[in-house]
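Architecture at a glance
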Amino acid sequence: MATGSPLVLYVQLLLVFDLLTSSTLGLLAGPGQKEPGAPGLRRAKRGWVWNQFFVLEEYTGLDPLYIGKLHSDMDKGDGSIRYILTGEGAGSTFTIDDSTGDIHAIQRLDREVKAQYVLRAQARNRLTDRPLEPESQFIVKIQDINDNEPRFLDGPYRASVPEMSKIGTSVVQVTASDADDPTYGNSARVVYSVLQGQPYFSVDPKNGVVRVSLADMDRETRENYTVVIQAKDMGGQQGGLAGTTTVHIALSDVNDNPPVFGQRLYQMSVPESASPGAVVGQIWAKDRDVGVNSHMTYSVIDGDGRDTFDIGTDPTHTFGVITVRKPLDFEKKQSFTLKIEGANIFVDPAFRQRGPFKDVTIVHVSVEDVDEPPAFDAASYALELREDAEVGTRLRTLSARDPDAANRSVSFSVLSSSDPGRFFYVDVVSGSLITARPLDRETVGWHNITVLAAETDNPSQVSSASVAVKVLDVNDNPPTLPDFLEAFMCENTKAGQRVQTVAAEDLDQPQEGPRFLYSLAPEVVNNPNFTLRDNRDNTAWVLTRRGGWSQQVFYLPIVISDVQPPAHTSTSTLTVRVCSCDHHGNVMTCSPEAYSLPASLSRGALIAILACVLVLLVMILLMLSLRTHRKKPYLCDQEENVHENIVRYDDEGGGEEDTEAFDIAAMWNPREVHPRAKLRKDMMPEIESLSRYVPQARVSGGDGNVQGYVLAKLLEADLDPSAPPYDSLQTYAYEGDGSVAESLSSLQSGLSDGDHEYDHLNDWGPRFRKLAEMYGVLEADHPPAW
């Protein structure tokens, strides 16, 4: 191609148009015109000049869709020029024949997917690949056809409208979208219509607003409706595409129905023992409306029971609940009549003419007689008592009576679980509350007890009353310091410096507050080391009296007393340790407590006291040793009473043939046992006889004298300092009189050598029959007892 030679590019675009439309495409680049003032005829170089090209979407042919043709006037047809197509869809959607310049669409075009494509074209030398003209750009627009039906993107719809709404009331708006081009033809122009739901509802054909088309629709008759809406494009003309959606419409409730009681007279009963607040029964004024439109309020508007009973509503605001307002008494009144009104809480002014929205009924309440428990004159009692009150102090007399006509007697008691310490008791008959143990406010300041009152003949009928007893404080505790009070001071402490601040505590709580006085114990008032200053604010300072200290420990007794009558005093000890400190006053070391000195005693005085204590200990040990070794001889006087002992060994006997276990003679008369008697050496008895230590007194006979005799001997044994420090079983040679059997004891029986006569056992009756058989004196005509 020669330089400056003209280039003419022709593009032939074959378009398929609708029969109603047509389009033509002229020459894109034509011959140039002579410019004014040009010296001669010359063709000017032109750039690419393109129009917008249109092609119909949704081509269904088998061959590629021909779009157009590129041609350069420099193209001689010898194939030296190569046409190139670049841009959107080049190579994938659009192809070009690089020799002829023919452009085809090889993919199905959809305007709803992509409405236009921007392409670039260029002619190049096939051999050198040099551009013959600058690259130019053109646009291929996809022309719409009606291939999409309207769609309801938000369907199906749910809506509600109040019942009894007027015609034309808006319910909901539906919207259909058409993917076709709204700027081209009527493909996207949608018209709405009702397919199902008439005559109740209608729809605006242009904006899709659903409206009420039937007046006075009643929710109580029918609540739910289903409406089918159609959207059709092409302006609703025949051949247009259509889509549908469903609208579910519910009629919402309005208060258009008054409440009505199901009965005009209700019969109820309640026991007289019902407490205030107890439920008697329920009534219901039925309302066909729902929700807040059916909420009811009930009230007693008349009747002789309006002061005795109340009425309210249940949590759902539906039922009227009748409750007891005041205590009932069958003995005073057996029945009541109530006139009750039930009304809607919320009334719609638009439907007030349908009223009145309330109704009235009668309730008859019968009171049933029951056996009631005793009733206290008060539900609770508050009492006060000083903590120094003596045992047996009467606090108050509680009163309770049987409210029934029988007026049975009442017995009182204290609920044990309410008074675990058993500080109080109540008189069973009078109901007087009395102290049973000493009180201590510092231990228990309040006593909350429960007193029970029960019918004497029917203990199951019981009632209770709470009694709160406040224990009033008296000054019965001395002020004290902490149990272990210790202070540290340095060796370089000077005279007059404060060592410790002490503050006492008192368990008592006087109304005007505590007031303490401090002083040193009398024996240390004049000690040379420390003094005490009472600050008159319930604290005191311990001050030094001198300087020049060495590591040592002092015990300083401090006396604290209160001023409330009666005054109490206590003594507490302050331990003062003298330690070695650094120059900042910080404690470094303290000497171990090898000894301690009272603040007022010297070393010599302490040694003298210790010597005296040692001498006393030696004397006590000598006395105990002499007393232990002192022995008393056995008494052999035949006239002295003989005592039997129980001697326990930790082994088991060997039967009648075992003569090594013990000497039976010691059981009969321990005083006559020979010192060299044969005894067990492997075990010593734990108890020795006390008979030789206790003098035996004779007690004359008489009624009831045995008990006195035993008590007298017991007192003698307790008071005898020479008795061994362990218990023993003692028997005494004395028996009471009055028995026809006389004495059966074997004591003193060894003094007689004659045989005993046992014939008199037959005269003692059947209780001694067995004994008579043992001694062989049973009469022959008597059969054996077993």
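Residues numbered from 1 in each chain as written. Predicted model: local features only at pLDDT ≥ 70, side-chain atom pairs only at ≥ 80, totals over all residues. Heavy atoms only, no water.

**A few points about the confidence of the model for the protein**
For the protein, the mean per-residue pLDDT works out to 78, and 75% of the residues sit at or above 70. Within the model, pLDDT remains below 50 along residues 1-49, and this stretch shows 77 contacts once partners closer than five positions in the same chain are excluded. Scored below 50 in pLDDT, residues 780-786 shows 9 contacts in the model against residues more than four places distant or in partner chains. (pLDDT = per-residue confidence, 0-100. Contact = heavy atoms within 4.5 Å.)

**Thoughts on the sheet that holds strand S10 (residues 191-196)**
Spatial strand order, S8-S14-S13-S10: 4 strands in an open sheet with mixed pairing. On the outer flanks of this sheet lie strand S8 (157-162) and S10, each paired with one strand and no other. Mean inter-strand twist for the sheet, computed between neighbouring axes without regard to direction, equals 35 degrees. One ladder, built from 5 bridges, connects S10 with strand S13 (residues 224-232); its direction is antiparallel. Its bridge partner being in S13, valine 194 is matched across the sheet by isoleucine 229. (Pairing = 2+ DSSP bridges. Helix = DSSP H or I, 4+ residues; strand = E, 2+ residues; numbered from the N terminus. Axes fitted to C-alpha atoms, helices over the stretch in contact; angles between N-to-C directions.)

**Let's talk about the pairing of strand S16 (residues 265-271)**
With burial as the criterion, only one face of S16 is covered, namely that bearing Tyr266, Met268 and Val270; the residues Leu265, Gln267, Ser269 and Pro271 on the opposite face remain uncovered. Two elements, S16 and strand S22 (residues 358-368), share 7 bridges in a ladder whose sense is parallel. The residue of S22 that forms the bridge with tyrosine 266 is valine 363. (Buried < 20%, exposed > 50% of the residue type's maximum accessible area, 1.4 Å probe, protein only.)

**Some details on the state of the cysteines**
In this structure the tally under the stated criterion is 2 disulfides. One disulfide in the model links cysteine 490 with cysteine 581; its S-S distance is 2.1 Å. The chirality of the disulfide connecting cysteine 490 with cysteine 581 is left-handed, given an S-S dihedral of about -90 degrees. On the criterion of sequence distance, the pair formed by cysteine 490 in strand S32 (residues 485-490) and cysteine 581 in strand S38 (residues 569-581) is long-range, its members being 91 residues apart. By relative accessible area, cysteine 581 is classed as buried at 19%. The disulfide partner of cysteine 579 is cysteine 590, and the S-S distance across this bridge is 1.7 Å. Here cysteine 579 and cysteine 590 share a disulfide; its torsion about the S-S bond, 95 degrees, makes the bridge right-handed. Highlighted residues: cysteine 579 in strand S38 and cysteine 590 in strand S39 (residues 587-590), separated in sequence by 11 residues. Looking at cysteine 579, the relative accessible area reads 0%, which means it is buried. Taken in N- to C-terminal order, the disulfide-linked cysteines of the protein are connected 1-3, 2-4. (Disulfide = S-S within 2.5 Å.)

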